[in-house]
Amino acid sequence: PLTLEEVRMLVELFYLPYHHGALAQELLEHFRWLRANSLSVGVPATAPDACGGTRWRGRAQSFQLLCARTCRLHSRLVSTAGRALLYDLHPYLWDIRNLLLAASAFVLWLGCQSITAPILLGRDAEPWARRGGLFGELQALLPVGNSCDLFYHPPPLFPSSQLYLMRPLLPLDKVGAVAWRGCSEVSQRLQAQLCSAPPLPGRLLGSFLSLSPEYTFVLEDEGGPCGYAAGALHAEGFLQQRDSSWLPALRHKYPPDLGTGGSALGQEAVLFFHAEPLAVPQPVLRRFPSLVQLGTAPRVLDVGASRSLALCLLSALRANGSRGVFCQVSDADRQQLSFYSKLG
């Protein structure tokens, strides 16, 4: 059964209208402070005010621990609570868990960046755009907090106790170890082909990992990487660099005849690099200056985790000034079309 400490956490997260319990108040205070003082993260360790960066990282670690405790509480409630209690409380705790997954990864991302200007926020939202309670206050603190459609999704009919971890692609990661494994699991068609067809992962994420690694996020479960979100802040420059340097290098490395005699998927992947990419119309680039790409493994059935990925990536792009995003999907790729449709 739930422990007394876990029951106390549950009560403090949903204490009273307009009044939070100790845990919820601590989450909010940490997040407000971390966002307001994010400029101190990039201060060099030798600078006179370097203690600001040290303090920021200490509070970030405390915030991460609180988020992890709340995610574990959600998992424990699903595993141990009676069905009647679970179905009463699960929608609220599921919402909080999804939001904290995104907030935790966003704070980790802030710790890896050198933000040179205060985090940009959207225009003031209409009162109905934000929900009440802890969820609404956390929502308002994310840079995309006014985009209410990102925050509403009905909870799953069958609650899952699966624990997830979301984080940015960290400098300590080796691209071949974590990032490639992550994108190998994203598409069911590709999982069995990695050993025989090396170019396959590059088709999914190679250009983002090479040209825009600072906007790449990884979703992990108990089985390892199971999803990704990648973006490019300035899509026009990113696409030009992809077409002028990244693609020619890949074409030289993987000539068209490389896939001959191999699997159909291997041949398809090699030929993908030699096809001319479609140009993005200028009106699209002017209105939506950033490019995004997301995906999860087939085993990720919880749409909340996928939404958290999108929310975190969009928050990172918005924090650095993006005012709109687009994605490129083939009209024949039913898997990706279905994935983006479920995200709304």
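Our structure's up above, just so we're on the same page.
Worth saying up front: this structure is predicted, and the values here are computed from it rather than measured. (Residues numbered from 1 in each chain as written. Predicted model: local features only at pLDDT ≥ 70, side-chain atom pairs only at ≥ 80, totals over all residues. Heavy atoms only, no water.)

Colleague: Explain the sheet that holds strand β2 (residues 216-221) to me, please; I cannot follow it from the model alone.
Modeller: Two orientations exist for strands paired in a sheet by backbone hydrogen bonds: parallel and antiparallel. Strand order across the open sheet formed by five strands is β1-β2-β3-β4-β5, with mixed pairing between neighbours. Here the strands that pair on one side only, and so sit at the sheet edges, are β1 (165-168) and β5 (325-326). In this structure, strand β4 (residues 290-296) lies alongside β5, joined through two bridges in parallel fashion. Considered in β5, the bridge of L291 is made with F326. Across the sheet, helix α11 (residues 303-319) touches β1, β2, β3 (224-232), β4 and β5, and the angle it forms with β4 is around 160 degrees. (Pairing = 2+ DSSP bridges. Helix = DSSP H or I, 4+ residues; strand = E, 2+ residues; numbered from the N terminus. Contact = heavy atoms within 4.5 Å. Axes fitted to C-alpha atoms, helices over the stretch in contact; angles between N-to-C directions.)

Colleague: I keep staring at the packing of aromatic side chains and nothing clicks. Help me out?
Modeller: Two aromatic rings are characterised by how far apart their centres lie and by the angle between their planes. This structure, assessed with the given rule, holds six aromatic pairs. Ring geometry for F106 against W109: centres 5.8 Å apart, planes inclined by 20 degrees, an arrangement best described as stacked. A residue pair is termed a helical-turn pair when its members lie 3 or 4 positions apart in one helix, as F106 and W109 do in helix α4 (residues 83-112) at three residues. For the pair formed by F106 and W109, the shared burial category is buried. Ring plane angle 35 degrees and centroid distance 5.9 Å describe the contact between W109 and Y215, whose orientation is recorded as tilted. Here the residue W109 occupies a position in helix α4, and Y215 occupies one in the loop between α7 (199-211) and β2, the gap between them amounting to 106 residues. For the pair formed by W109 and Y215, the shared burial category is buried. (Phe/Tyr/Trp six-rings, centres within 6.5 Å; stacked < 30°, edge-to-face > 60°. Buried < 20%, exposed > 50% of the residue type's maximum accessible area, 1.4 Å probe, protein only.)

Colleague: In this structure, what is going on with the pattern of salt bridges? I would like to understand it.
Modeller: Oppositely charged side chains can pair when the atoms bearing their charge come close. Evaluation of the coordinates by the stated rule reveals eight salt bridges. Across the pair E220 and R167 runs a salt bridge, and its minimum N-O distance is 3.5 Å. Taken together, the residues span a long stretch of sequence, with E220 in strand β2 and R167 in strand β1 at a distance of 53 residues. Bridged by salt links that share partners, the residues E5, R8 and R69 form one connected network. (Salt bridge = Lys/Arg side-chain N within 4 Å of Asp/Glu carboxyl O.)

Colleague: Just checking my understanding: could you explain the nonpolar core for this structure?
Modeller: Side chains that are nonpolar tend, in soluble globular proteins, to be buried together. Judged by nonpolar contacts, the single largest core of 65 residues is most densely connected at F31 and F217. In terms of residues, this core owes the most to one element, α4, which gives 13 residues. Here F31 is in contact with F63, A103, F106, V107, L138, L141 and L142, once residues within four sequence places are set aside. Within the second largest apolar cluster, 15 residues are counted, among which are A230, F238, L239 and L285. (Core = buried A, V, L, I, M, F, W, Y, C linked by side-chain atoms within 4.5 Å.)

Colleague: What is the right way to read the pairing of β2 from this model?
Modeller: Strand residues, when the strand is regular, have side chains that alternate between the two faces of the sheet. Within β2, six of the six residues are buried, leaving the element largely enclosed by the surrounding structure. Along β2, one buried face is formed by T216, V218 and E220 and the opposite face, lined by F217, L219 and D221, is buried too. As judged from the six bridges shared by β2 and β3, these two strands associate in the antiparallel manner. Looking at the pairing, E220 lines up with P225 of β3. Where β2 folds back on β3, the antiparallel hairpin that results is connected by two residues.

Colleague: I keep staring at the packing of helix α2 (residues 22-36) against helix α5 (residues 133-141) and nothing clicks. Help me out?
Modeller: The axes of two packed helices give the description: the angle between them and the distance between them. Two elements in contact, α2 and α5, have axes whose closest approach is 10 Å; the angle formed by their N-to-C orientations is 5 degrees. The orientation of α2 relative to α5 falls into the category roughly parallel. The segment α2 lies against α5, with A24, L27, L28, F31, R32 and R35 engaging L134, E137, L138, A140 and L141. Partitioning the contact of α2 with α5 into residue classes produces eight nonpolar, no polar and three charged. (Parallel < 35°, antiparallel > 145°, perpendicular 65-115°, else oblique. Nonpolar A, V, L, I, M, F, W, Y, C, P; charged D, E, K, R; others polar.)

Colleague: How do you make sense of α2 when you look at a structure like this?
Modeller: In an α-helix, one turn spans 3.6 residues, which is why side chains three or four residues apart end up on the same side. The terminal C-alpha atoms of α2 lie 21 Å apart, and with 15 residues this matches the ideal 21 Å at 1.5 Å per residue to within 8%. Where α2 is concerned, the buried positions are L23, A24, L27, L28, H30, F31, W33 and L34. (Expected span 1.5 Å × (residues − 1).)

Colleague: Could you clarify how one ought to interpret a nonpolar patch on the surface in this entry?
Modeller: Taken together, the side chains of V7, V11, Y15 and L16 present a nonpolar region at the surface, about 350 Å² in accessible area. Position of Y15 among the secondary structure elements: in the loop between α1 (4-13) and α2. For Y15, a relative accessible area of 41% corresponds to the partly exposed category. (Patch = residues over 30% accessible without salt bridge, like charges linked within 9 Å, V, L, I, M, F, W, Y side chains within 5 Å. Areas by Shrake-Rupley, 256 points an atom, 1.4 Å probe, with all protein chains shown as cover.)

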